[in-house]
Structure formats: C-alpha cells, structure tokens
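Results of the structural survey
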Amino acid sequence: MESFLIKGGRPLRGEVTISGSKNAALPIMAATLLTEEPCVLRGIPELSDTRFMAQILKSLGADVKFEGGTLAVRAKKIRGYADYDLVRKMRGSICVAGPLLARLHKARISLPGGCVIGARPINLHLKGFESLGAKIEIEGGYVHAQTKRLIGATTFLGGRQGSTVLGTANVMMAAALAEGVTVIESAACEPEVVDLAHFLNSMGARISGAGSPTITVEGVDKLHGAEHVIIPDRIETATFAIAAAATNGEVTIKNCRPDHLRAVLDKLTEAGASLQQRGGTLTVRRGRKLMAADVTTLPYSGYPTDAQAQMMALLTLAPGISIITERIFESRFMHVSELARLGADIEIEGPSAIVKGGRPLSGAPVMASDLRASAALVIAGLAAGGQTQVNRIYHLDRGYEKMDEKLRKLGAKIQRVEEK
Ligand code: EPU
C-alpha cells in the first residue's frame, strides 16, 4: 500500500488544471451499454474507479479501449449480469442496472451493501424500475429485474435525504428506451445528471428538464452511438480551492465550472477566502483572516457532501466555532478522529461536528478511510507544521487524477511512498 509524505506549512501557488468529473464519467460510461453502436467519451479521468468501470463494461461483453483520457466503447452484444465482486468494489457500478434493463429487459445485479460513509440503499432505484413495469426480486444478495417491455410512467424518487443521484441516472437511462413518457419527480439536480442527459440526448434520447426536480423522458426505440466530453470535476475544483485557502496560498484553477460550485464558493468567501472568476478559471487566495462558518450538506445546489471533509479541514484553522452538519450520509465523519491526530479540536454531536478552530495543526501519521476523507487529510497535512504521513491513499486514487503531481506543481512537498 502507498502513502503520501507531506512536509506542510508551504503555501500553494500557481496554476492547476481540473480533470473530467469522476461522478459524471461513471454513469455516462454505463450509458454506452444502451446502444450497439460505437461511442467515444473524452475527458474521462484516469482513476482506479473509471478503470474499474471500463473493466465492468468489458465483463458485460463490450469492446473497450481506454487511453489518454479517451474511452471508446462498442457494446454490440452484452449480457445482463454483474456479480458481487464487481459491485462490492465500487458502489457506482450499480448504474449499469438501468442500461441493462432497458437494452436486455433483464438484469441480475449484486446488491452493493453499505460502506464506510453510510448505508447506501438502492430502494429508490428499484422503485423507479418498478414504476416502469419491471418485476423485481431479491434473492441471494442479488437483484433480479425483468420485464417484457419497460413502459413510461410517473415516478417519485425523493427519499429521506432528498433525491438520489445515481437513482435518477439509472431510471433516466432505463426510461430512454421505454415505451411512452416517463416523468421523474424529485429528481436529483446535480450537474452530473445534466451531463448524462446531454450524452443520452446526443445518442437520440428525448430528455428534458434535467437539472430541475422534474425530468421528462420520451422513450425511443433505439439509441445510436455518440461522442461526448465529460464536464470538469466540481469536487476536485472545490478540493484545490479549499487547499489554496488552507495553505494561505494563491491558486488559479483552470478548466473548471464555477457555476457548478456556488455553495462551496459562497462558504469559502464566508470563511475569509478571496475569489476571482473569469469564465472557466477561478483564482483563490486566503485574502483576509480565516473565519468560522457553519456548513450543512444538502442535495445540489446546496453544499455538497463530497466537499464536507475538505471544508472541515479548512475550518479547523479558522478561529471560533464552526458547526458542520451532514445531511446526506450518516457516517461521513470518519476523518474527524484523524484530523484530531493533527491537533484539531472537533466533537461530534449527532449529525453535526463542532469544530473549535484556530489551533495550529502539527504533522502526524494518519489513516485515510474514504475518498473525500483522504483529501481532507491531505489538505490538513499541507497546512500543518512538520511531516504528515497519509496512509491508504488508494482511497484517494479512486477519485483524484494525479493529485500528488498537481500539488507538487503548486509547490507542495508531497511524495508518494510505500507504506511501512
Ligand atoms: N438513498 C436512499 N435510497 C436509494 C438511494 C439513495 O435512501 O435508493 C439515500 C442515500 O443513502 C443517501 C442519499 O439518498 O443518504 C443520497 O444518495 P445518492 O443516491 O444521491 O448517492 P449516490 O448516487 O449513490 C453519488 C456519488 C457520491 C455522492 C452522492 C451524493 C457517484 C458515483 N457517487 O452517490 O459520490 O456523495 O451521489 O451527492 O456519483 C464520492 O465521489 O466521494 C461519492 C461518494
């Protein structure tokens, strides 16, 4: 296993270019299963998660070539079975269910199970498939979904924590080839859903309303091959923006979509960062002194759960009390005890973390528990005095393309080493 060794206390300075969005890429890669014609996707980030999704497409029978951020897929003949080993390793692989059901009228997919950030049920995905006429059975840890023909219907996908991103993606993909009109109510509004709708429409689908809570899909008989460029990763953008503020640096972030990040940019400003935006370029610097801020994670366009841990790392440096409330995933505070190892004073009270900020952090060995927690530990390590060793960075490699290289170009002292 590999670790990052970070010598902290140096401001990040310079330019960084953002990669394509992991969470847009995964469902869009799955959508290539909806047609037997070739598809080409550009701007796919080279990550263990996207490589894994490419493997899943192959295991389902597609021809796949993934090189230099371009993925060419031809799913001429496919099979409708994704086993436990595939789904267990990456929960995002559940988004092959919609395309398989639409194309083959049957799918047998392992239930993903929980993970370190929470329970992660798929009841809303299944509810959506059932609304379209699929018969669902659960047996031996597998979901069997089948139907003679999917028929458009109105379906409500709101859950306890709001909408579901991959659930909306799955139902939208299934509905694209259903007979008649499907209306998805309480649909997720995330930019990744909009990017998927754009790709599906370029394949010949008829989808309107993506980006709003009501999505309408007029089913078509067939979809054709298409080319698409994936949107920039808003969470990678948020991570570099927060790191710039945390290290008292000045970073110009290129190839980003500030319009996808309003809630994060608003909080950064409240916390004392100074931001300048020009088209797809954003410059972030600390500006004034850091200030405490309260953050509550919410579905888009609220503050994203995927940038909660990183903002917590920043707020440990801001004098005063910040209250961070997690409303999407109940256990997404695994980074708290590791941040405490660096000297942060944080207490968990139900769904909230109370951060008593302003104490300087000092380097220590810490353990990454999931993707975004790892990013938070890297930010804290960059801001801390002395050396921080972030262990288990395979979590980070799932979702950040060449993060260590990008940070080195910004002047960080960060090295990838074998864990001892
Ligand atoms: N939920 C249900 N039932 C369902 C589906 C979800 O109750 O059938 C609940 C979840 O338990 C959670 C909430 O709804 O409390 C939202 O979950 P959602 O379904 O939106 O999450 P997801 O689609 O499985 C995607 C991202 C996550 C990101 C969430 C929320 C991908 C591959 N994953 O997951 O990304 O945190 O949306 O924005 O797109 C990450 O990148 O680090 C990551 C975890």
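Refer to the structure printed above.
For the structure given in this document, a descriptive report is provided here. Keep in mind that what you see is a predicted model, and the values were worked out from it rather than measured. (Residues numbered from 1 in each chain as written. Predicted model: local features only at pLDDT ≥ 70, side-chain atom pairs only at ≥ 80, totals over all residues. Heavy atoms only, no water.)

**Details of helix α9 (residues 262–270)**
- Regarding α9, the residues found buried are A263, V264, L265, K267 and L268.
- Buried residues belonging to α9 abut α8 (234–246), β16 (274–278), β17 (281–285), β18 (295–296) and α10 (308–315).
- G272, located one to two residues past α9, shows a positive phi value of around 110°. (Buried < 20%, exposed > 50% of the residue type's maximum accessible area, 1.4 Å probe, protein only. Helix = DSSP H or I, 4+ residues; strand = E, 2+ residues; numbered from the N terminus. Contact = heavy atoms within 4.5 Å.)

**Considering empty space enclosed by the protein**
- Tallied over the entire structure, the rule returns three cavities of 30 Å³ or more.
- By volume, the largest cavity is sized at about 60 Å³.
- In terms of lining, the largest cavity is formed by I94, A97, A107, I109, I122, L126, F129, V143 and A145.
- Among the residues making up the lining of the largest cavity, the classes are represented as nine nonpolar, no polar and no charged.
- Within this model, the second largest cavity holds a volume of roughly 40 Å³.
- Looking at the second largest cavity, the residues that line it are S21, K22, N23, E192, D233, R234, I235, D306 and R372.
- Mapped onto the lining of the second largest cavity, the elements with two or more residues apiece are α1 (22–31) and α8. (1 Å grid on protein atoms, 1.4 Å probe; cavity = no way out; pocket = protein on both sides within 12 Å on 5 of 7 lines; lining within 4 Å. Points joined across faces, edges and corners; volume = space filled by probe spheres on them. Nonpolar A, V, L, I, M, F, W, Y, C, P; charged D, E, K, R; others polar.)

**Some thoughts on the sheet that holds strand β10 (residues 154–156)**
- Here we have four strands laid out as an open sheet, ordered β10-β11-β13-β12, and mixed in their pairing. A single partner strand is all that each edge strand has here, and the edge strands are β10 and β12 (206–208). With direction set aside, neighbouring strand axes in the sheet form an average angle of 15°.
- Here three bridges tie β10 to strand β11 (residues 181–185), and the two strands are oriented parallel to one another. Within β11, the position partnered with T155 by the bridge is I184.
- Strand contacts of helix α6 (residues 165–176): β10, β11, β12 and β13 (214–218), with the helix running at about 25° to β13, the strand carrying the most contacts. (Pairing = 2+ DSSP bridges. Axes fitted to C-alpha atoms, helices over the stretch in contact; angles between N-to-C directions.)

**As for the pairing of strand β19 (residues 320–325)**
- As defined by bridge partners, β18 adjoins β19 across two bridges and the pair is classed as parallel. The partner of T296 across the bridge, within β19, is T325.
- Regarding the hand of the β-α-β motif, the stretch spanning β18, α10 and β19 is right-handed.
- Alignment of β19 against strand β21 (residues 352–357), held across six bridges, turns out to be antiparallel. Residue pairing across strands places G320 opposite G357, the latter belonging to β21. (Right-handed = clockwise from strand over helix to strand, strands pointing away.)

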